[in-house]
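Overview (structure and organization)
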Amino acid sequence: MLSIHPTEHLTGARISGDFWDIDELVNAIYHVIGDENRYYDYQGSRNRLLSICLDLRHATQGERQIEFVTNGIHKGISRKQQLLLPEKNVYFAVEILMPELIFCALALNDFITLHKEIIDDSEWNEQIATIRKFQAQIAECLEGLMEREHYLVFFTTLHAKSPFYFRYATQYVDVLNLEYLSLSKEERSQHLTAFALRLLMEDEPYNALKNQLLEATSTSKLPLHEIQLLLKYPEEIVW
């Protein structure tokens, strides 16, 4: 079963699961976000979701972390079955920065809405159910980190806003990631809700950044989501 838990220093969250857990999630996301030409005004969000899917794929190839998780088998069961059975399963894991993970959960809401409006509005859609479970696990992770009042404010704001990321300048997620990385563990705990809310509300720093990016698009003729910021992530992240 897929699991999501905060890392030791609250830098992000660790997503872990067996090969089939991760494969099911990645395929569900691929299915719902569609090809690159389907929802062009959401291309920035789509690219960031694809980046997380790529991280998850790398994890299943043994390029991230590996865990051994108890599976319920014990010596009594092995004796009854007269078989030598493994008592632990191999899980693959990857860490995702906290603002990035929150953005992922929110952006998936847009694609679910679009998919239901244009492709399939069935309540029995398996891919949407898989993604909703993933979002619920992220929400549970956040609930354990935020004060109850802050958690309720965040989700009240979430439900009042839709769609979230139409023509959104997703470069702002990088800005928030780096700001969050610069904080201490205690500061991350104190300001997590503020970072989550900044992903929901187009505040002054966001609007200033988007205006700069729009100016760049007029000269470069590149679409908004392809404009690169001169930002550098640390070579090593203490999770």
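Provided above is the structure to which this section pertains.
Residues numbered from 1 in each chain as written. Predicted model: local features only at pLDDT ≥ 70, side-chain atom pairs only at ≥ 80, totals over all residues. Heavy atoms only, no water.

1. Quick word on the overall build of the protein chain
- Summing up its helical and strand segments, the protein chain has nine helices and four strands in all.
- Listed N to C, the secondary structure of the protein chain is β-β-α-α-β-α-β-α-α-α-α-α-α in terms of helices and strands.
- Taking 2.2 N^0.38 as the reference for a compact globule, 239 residues should give roughly 18 Å; the C-alpha atoms of the protein chain span a radius of gyration of 20 Å, in line with that estimate.
- Dimensions of the protein chain, computed from C-alpha atoms along their principal axes, come out at roughly 70 × 45 × 35 Å.
- Going through the 239 residues of the protein chain one by one, you find that 46% of them count as buried.
- Within the protein chain, counting contacts between residues at least 6 apart in sequence, those at least 24 apart form 73% of the total.
- Accessible area for the protein chain stands at about 13,200 Å²; split by element, carbon and sulfur atoms hold 53% of it.
- Separation of charge centres in the protein chain, based on 22 positive and 35 negative side chains, amounts to 4 Å. (Helix = DSSP H or I, 4+ residues; strand = E, 2+ residues; numbered from the N terminus. Rg over C-alpha atoms; globule rule 2.2 N^0.38 Å. Buried < 20%, exposed > 50% of the residue type's maximum accessible area, 1.4 Å probe, protein only. Contact = heavy atoms within 4.5 Å. Areas by Shrake-Rupley, 256 points an atom, 1.4 Å probe, with all protein chains shown as cover. Lys, Arg positive; Asp, Glu negative; His and termini not counted. Charge placed at Lys NZ, Arg CZ, Asp CG, Glu CD.)

2. Some thoughts on the side chain of Ser-45
- As for its position among the elements, Ser-45 is in helix H2 (residues 43-60).
- The class of Ser-45 is buried, set by a relative accessible area of 3%.

3. Points about the pairing of strand S4 (residues 88-97)
- For S4, the buried fraction is high: seven of the ten residues fall into the buried class.
- Examined bridge by bridge, strand S2 (residues 12-17) and S4 share six bridges and lie antiparallel to one another. Opposite Gly-17, over in S4, you have Phe-92 as the bridge partner.
- Bridging between strand S3 (residues 65-70) and S4 involves six bridges; their strand directions are antiparallel. Pairing of Glu-67 across the sheet is with Tyr-91, part of S4. (Pairing = 2+ DSSP bridges.)

4. A look at the pattern of salt bridges
- One pass over the structure, following the stated rule, counts ten salt bridges.
- The partner of Arg-48 in a salt bridge is Asp-174, with the nearest N and O atoms 3.0 Å apart. In this pair, Arg-48 sits in helix H2 while Asp-174 sits in helix H7 (residues 171-181), placing the two residues 126 residues apart along the sequence.
- Owing to a relative accessible area of 12%, Arg-48 belongs among the buried residues under this scheme.
- Across the pair Arg-148 and Glu-143 runs a salt bridge, and its minimum N-O distance is 2.8 Å. (Salt bridge = Lys/Arg side-chain N within 4 Å of Asp/Glu carboxyl O.)

5. With respect to a nonpolar patch on the surface
- Nonpolar side chains collect at one region of the surface, where Ile-66, Phe-68 and Val-90 lie side by side and expose about 290 Å² of accessible area between them.
- Note that Ile-66 resides in strand S3. (Patch = residues over 30% accessible without salt bridge, like charges linked within 9 Å, V, L, I, M, F, W, Y side chains within 5 Å.)

6. A look at helix H8 (residues 185-198)
- Compared with an ideal rise of 1.5 Å per residue, which puts 14 residues at 20 Å, H8 spans 19 Å between its outermost C-alpha atoms and is within 8% of the ideal.
- The principal kink in H8, of about 55°, is found at His-191.
- Among all positions of H8, only Arg-188, Leu-192, Thr-193, Phe-195, Ala-196, Leu-197 and Arg-198 are buried. (Expected span 1.5 Å × (residues − 1). Bend = angle between axes of the 7 residues up to and from the residue.)

7. Notes on unusual backbone geometry
- For Arg-167, which is not glycine, the phi dihedral falls at a positive 50°.
- In this fold, Arg-167 is placed in the loop between helix H6 (148-160) and H7.
- Its identity as a non-glycine residue notwithstanding, Lys-221 has a phi of 65°, on the positive side.

8. Some remarks on the sheet that holds strand S1 (residues 3-6)
- Pairing is antiparallel in the open sheet, where four strands are placed in the order S1-S2-S4-S3. With one partner strand each, in any of the chains shown, S1 and S3 form the two edges of the open sheet. Each strand axis lies, on average, 35° off the axis of its neighbour in the sheet, ignoring direction.
- For S1 and S2, the ladder comprises four bridges, and the chain directions are antiparallel. Note that in S2 the partner of Pro-6 across the bridge is Ala-13. (Axes fitted to C-alpha atoms, helices over the stretch in contact; angles between N-to-C directions.)

9. Observations regarding the nonpolar core
- In terms of nonpolar packing, the biggest core is built from 66 residues, with Ile-15, Ile-102, Phe-134 and Phe-154 touching the most fellow members.
- Here the element with the most residues in this core is helix H4 (residues 98-118); it accounts for twelve residues.
- Residue contacts for Phe-134: discarding those within four places in its chain leaves Leu-2, Ile-4, Ile-15, Leu-25, Leu-101, Cys-104 and Leu-108. (Core = buried A, V, L, I, M, F, W, Y, C linked by side-chain atoms within 4.5 Å.)

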